[in-house]
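The primary structure of each chain is shown beneath.
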Amino acid sequence: MRLAPTADEELFARTVRAVLERRCAPREVRAGFARGRWAELAEIGVTGLLVPEEHGGLGLGAGALVAVAEEAGRACAPEPVVEAAVAATLLARVDADGRAREWLRALAVGAAVPAVRLAGPGTAPVAHAAHANFVLVADGDTLYGRSAAEAYIHPAPGVDPGRGLAYVDMSMSPDGLLAVRQEQAVTRAARLGAIGAAADLLGAARAMLDLTVRHARQRHQFGRPIGSYQAVKHQLADVLSAVEFAHPVVLRAAYSHEHGRPSAGRDAAMAKVFASDAADLAARSCLQVHGAIGYTQECDLVLWLRRVWALSAAWGDAAHHRAAIAADLLGPAPAPPCP
Amino acid sequence: MLAQVTDLIFSVTEEAFRREIRDWLARHVPSEPLPSMDTPDGFEAHRRWERHLYDARWAVVSWPAEYGGRGASLVEWLIFEEEYWRSGAPGRVSQNGIFLFAPAVFAYGTEEQKRRVLPPMAAGEEIWVQGWSEPEAGSDLAALRSRAVRDGRRGGWRLTGQKTWSSRGTYGHRMFGLFRTDARAERHHGLTYLMVDLAADGVTVRPIRQLGGEPGFAEVFLDDVFVPDADVLGEPGEGWRVAMSTTGDERGLSLRGPGRFLAAADRLVELYRRVSAGEEAGTDTPNAFRDAVVDAWMRAESYRLYTFRTVTRLGDGQRVGAQSSLNKVFWSELDLNLHATAQRLLGPWAETGGPWLDGYLFSLAGPIYAGTNEIQRNVIAERLLGLPKEPKGSNGEKGEKGEGR
C-alpha cells in the first residue's frame, strides 16, 4: 500500500517548476500563450509526456501528468499541457496514413500546439484553439484532426484570456477524419483530461492560498496582521483542508486510470468534483481575504481566479461528474472501490 | 535508489489478516445490538464484549503481543477498523483508554506501569475516564485549576478540584488527567499527568445526561484524594508535554480511523436505495437528496484515501504533527454530514428514533470534543499555514486538546 507521488514524479515536477519559475512569472502569464515557453517545456519533455517513446516522447502516464499539471496550475501557465497529454493518448491509438504519427512527433518536440474537444456542445468554443496549430475533435465516437490552417477558427471571448478560447469549424469533411468507432478511447481520453484538469486546479488553489497567506501576514488593520483574526484564519484553514483532502483523490484517480481499475471512471469523476470544489472555494475565500485589492486587475490573484472560473467547469463541471458518480454508486452494480 | 511506485493493493498478509478478522466477527458479533454503553446493563455488556475481543487478541491489534496485541501494522489496523465497523460490532467502551491514554503510557510509562495498566485496560476490566476539562478550562485547557499537593509522608499527591465532561465517568473505574502540582507555575507549566482511582476516598461522581438522554459523561469532584507516586505518568511538572505528545501525532488516526465512516456511508447508500424503492419508510422525495448521499459517500472515501496518504508519509519517516487537526475537522464534519443526510432521507420518520437518530446525536458532539473545531482551525492556520497567533491578552496561549468520547 503506497499512496504518494513517486520519486521520479516529484523530481520531474521540480524540474517543471524551475522552468516555470524562470519563464512564467505573473507578468508573463498576463501576456498569454508563448511559443518560446512551449518550446522550453518541450525540451524537458512536458509536451511529449504521454507520447510513446518510439515517437520521441517520454511514454509516461497519468501519474506524471498529475505532477506536471499541478505545476502548470501553480504557475498559471497558459500553455495546453493537459491537452497535449490527451491528444497524445488519442493519437497513439490511430494510424490515419501516418498523420497521427507526424503529429505525435510534432507534439514531442513542441512543434505542435494542440487544442482538443472531446465532448460538450459542438457550438461551444474550444480552449487553446486561438493559439493552437492543430485541432483534435471527437464527434461521438469519431475522431477528426486538422491543422489549424485547414480549419476555420474564430477567437471567442473568455473569462480567462490565457485559455485562448475560439470557435472551431472543422467542416467535418472526410479529409479530416482520423478514426471511427473510438468510443472507448475517447472515454479514456476524457478521463485523463478530467484528471489533468483536477491536478491543475489543485496547483492553482495552492498558489492562491500561498499568495493570500502572504497578504494576510503583511496587511495590518487595527494594529495587527489581518491573518491573526480567526475570521480570516478559519476561511484559509478550510481552503487548505479542501486542497489536502482532494490531493489523494486525484492521485488515486491517476492510479485507477493507469491500472484500468473497474472504478476508473468514477474515480476520475470524483477527482474532478473534489478539485473543482476545492479550487472554487479557494478562489472565493482568497478574493475575500484580499479585500478590495483582490478585486482589481493589478493584483496577481486575478490570474488564478480567471483560470479557476474557467477550468472548474471544463472537462465536466462538478455537477456533471457528481451525476456520473451517482449513476454508478446508486445504480444496480457499483464498481468495487480502489483500493 | 529504489523506485517506489504507487501501489493501491493490499499484500497477501494483509488480505489474510482481513479474512481472519472478518470470519471471526461473522461468528461472534452479537445478533442484537447491545444496550447503550451509558446504561448500567449496557456498560457491563460492552465490557463483556471487550473481554471477548481481548481473549481472541482482537482488542488492541496494534499493541505488542506482551500487552495483549498482535503487533499489527498501521495498514492492518486500518483493515481491522474497516471490518470491525462494517460487521456492525458494538462501540468500544474502552476507547478512551486504548486510543487516548495508552499511547501516553507507551511513550512515558515505566515498565511496571505498562504491565500493571495496559492489559486490564485492553481486557475491559478497567474502563478509563478522561480528566481533562474543568468548569473554567474547556478549549483553554492550560487554565485548569485542579491541584495536587505533595504528600511526602505517604509518598504521593493529594488532589483537590473538579473535572467535567469526563467521558465514561458515570460507570468507569479509573481516570487519567492533568493536575496542577506547582501552585506558583502558570498555564502549561507545573502540571502533572496522574492516574486516579475513582473508588478512592474523596471522589464524588455526578453523572450528566447528554442530548440523547444517557449519562455519557460526568463531573468528577476531588476532595483531598490520595494518588501514590506509582500513578504519576512521566515526570512531575512535565504533564503538559506528556499529554500533548499523544494528541499531536496520530490524533485523527488513532481516535477515528476511516472504517466507521465507510461503514456509515455504505449504510447511507443502502438506506437511499431502500427508501427510493419504497422498501423502507422515509421521505417521499429521495431524489432531492441524491447529491447529498453521493457527497457524503465521497467524503468518507476521501478520508480513507487521505489516511492511506498519511500512512505512506509515516512509513517514509515523516511526522504528522499539526496535520492531525485537518483530520479531526474533516472526520467530525463528515460524520455529522452522513447522519444528517440519513435523517433527511428518513423524512417524517426521522423523529421516531433509531440507530440513525442515535448516530446523529452522537455526531453532533464530534465538532466539540477532541478539541473544538474552532481550536483545530486555529492550529491549522497557525502551524500549517504560518498565520500569526492572536496577540497575547486577547486569548493568551492556546493548548490543543485531545479528548474523545
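Fair warning: this is a prediction, and the values are worked out from it, not measured in the lab.

Colleague: Would you explain the overall build of chain B in this entry?
Modeller: For chain B, the helix and strand inventory stands at 12 helices and eight strands. For 405 residues, the compact-globule estimate of 2.2 N^0.38 gives 22 Å, and the C-alpha radius of gyration of chain B, at 22 Å, lies within 12% of that figure. Projected onto its principal axes, the C-alpha coordinates of chain B cover approximately 70 × 60 × 50 Å. Considering chain B as a whole, with its 405 residues, one finds that 47% of them fall into the buried category.

Colleague: Before we go on, may I ask you to explain the UniProt feature "domain: Acyl-CoA dehydrogenase/oxidase C-terminal" (unreviewed entry) in chain A in this structure?
Modeller: Here the UniProt-annotated "domain: Acyl-CoA dehydrogenase/oxidase C-terminal" (unreviewed entry) positions come out as residues 191–329 of chain A. Its end C-alpha atoms 18 Å apart, residues 191–329 of chain A is made of 77% helix and 3% strand.

Colleague: Where do I start with the nonpolar core in this structure?
Modeller: Generally speaking, soluble globular proteins have nonpolar side chains that are buried together. All names here are of chain A. Of all hydrophobic cores here, the largest spans 229 residues; its most connected members are Val-68, Ile-195, Leu-236 and Val-250. For this core, the element with the most residues is helix 7 (residues 183–218), which contributes 19 residues. Among residues more than four places away in sequence, those in contact with Ile-195 are Ala-62, Leu-65, Val-66, Val-250, Ala-253, Ala-254, His-257, Ala-268 and Ala-271.

Colleague: What am I meant to see in the domain arrangement of chain B here?
Modeller: Often the size quoted for an interface is simply the accessible area lost on bringing the parts together. Assigned domains within chain B: domain 1 (12–122), domain 2 (128–242) and domain 3 (249–384). Relative to domain 3 of chain B, the C-alpha centre of domain 2 of chain B lies at a distance of 31 Å.

Colleague: Before we go on, may I ask you to explain the UniProt feature "domain: Acyl-CoA dehydrogenase/oxidase N-terminal" (unreviewed entry) in chain A in this structure?
Modeller: In the UniProt entry, the feature "domain: Acyl-CoA dehydrogenase/oxidase N-terminal" (unreviewed entry) is given for residues 6–110 of chain A. Regarding residues 6–110 of chain A, the helix share stands at 64% and the strand share at 0%, and the terminal C-alpha atoms are separated by 26 Å.

Colleague: Hey, could you run me through helix 5 (residues 111–122) of chain B in this one?
Modeller: For the α-helix, the turn length of 3.6 residues means that residues three or four positions removed from each other point alike. Residues and elements named next belong to chain B. For helix 5, built from 12 residues, the straight-helix expectation of 16 Å at 1.5 Å per residue is met to within 8% by its first-to-last C-alpha distance of 16 Å. Taken together, the buried positions of helix 5 are occupied by Val-117, Leu-118, Met-121 and Ala-122. Considered in projection along helix 5, the buried side chains sweep an arc of 110 degrees and stay on one side of the axis. Of the residues in helix 5, the exposed ones pointing more than 90 degrees away from the buried face are Glu-112 and Arg-115. Summarising the contacts, the buried residues of helix 5 are in contact with helix 2 (40–55), helix 4 (95–108) and strand 1 (128–131). Once helix 5 finishes, Gly-124 follows within two positions and takes phi at roughly 75 degrees, a positive value.

Colleague: Honestly, the environment of Asp-277 of chain A in this entry has me stumped. Any pointers?
Modeller: Residue and element names in this part refer to chain A. Tracing the backbone through its elements, the reader meets Asp-277 in helix 9 (residues 264–290). With 17 C-beta atoms counted inside 10 Å, the residue Asp-277 sits in the partly exposed group. Spatially, the C-alpha atom of Asp-277 lies 9.3 Å from that of Asp-317, the residues being 40 residues apart in sequence.

Colleague: Explanation requested: the interface of chain B and chain A in the structure shown.
Modeller: Contacts between chain B and chain A engage 41 residues on the former and 40 residues on the latter. Only helix 8 (259–276), helix 9 (290–315), helix 10 (323–346) and helix 12 (373–384) of chain B provide two or more residues apiece to the side of chain B that touches chain A. At 13 residues, helix 9 of chain B tops the list of elements feeding residues into the side of chain B that touches chain A. Of the residues that constitute the side of chain B that touches chain A, the class distribution is 26 nonpolar, six polar and nine charged.

Colleague: How should I be thinking about the pairing of strand 3 (residues 156–167) of chain B in this particular structure?
Modeller: Two faces make up the sheet, and in a regular strand the side chains alternate between them. Residue and element names in this part refer to chain B. Sheet topology note: the strand 2 (residues 147–151)/strand 3 ladder contains five bridges and is antiparallel. The residue bridging Val-149 from the neighbouring strand is Arg-158, located in strand 3. In textbook terms, the turn of a hairpin is the stretch between consecutive antiparallel strands, and for strand 2 and strand 3 this stretch comprises four residues, one of which, Gly-155, has a positive phi near 75 degrees. Strand direction decides the pairing type here: strand 3 and strand 7 (residues 217–228), joined by 10 bridges, are antiparallel. Of the residues in strand 7, the one forming a bridge with Thr-160 is Asp-223.

Reading the values: rules and limits
Residues numbered from 1 in each chain as written. Chains lettered and ligands numbered in written order. Predicted model: local features only at pLDDT ≥ 70, side-chain atom pairs only at ≥ 80, totals over all residues. Helix = DSSP H or I, 4+ residues; strand = E, 2+ residues; numbered from the N terminus. Rg over C-alpha atoms; globule rule 2.2 N^0.38 Å. Buried ≥ 20, exposed ≤ 12 C-beta atoms within 10 Å, placed from the backbone. UniProt positions renumbered as here; feature names shortened; annotations may be inferred. Core = buried A, V, L, I, M, F, W, Y, C linked by C-beta atoms within 7 Å. Contact = placed C-beta atoms within 7 Å. Domains from an automatic or database assignment. Expected span 1.5 Å × (residues − 1). Arc of directions from axis to C-beta. Nonpolar A, V, L, I, M, F, W, Y, C, P; charged D, E, K, R; others polar. Pairing = 2+ DSSP bridges.

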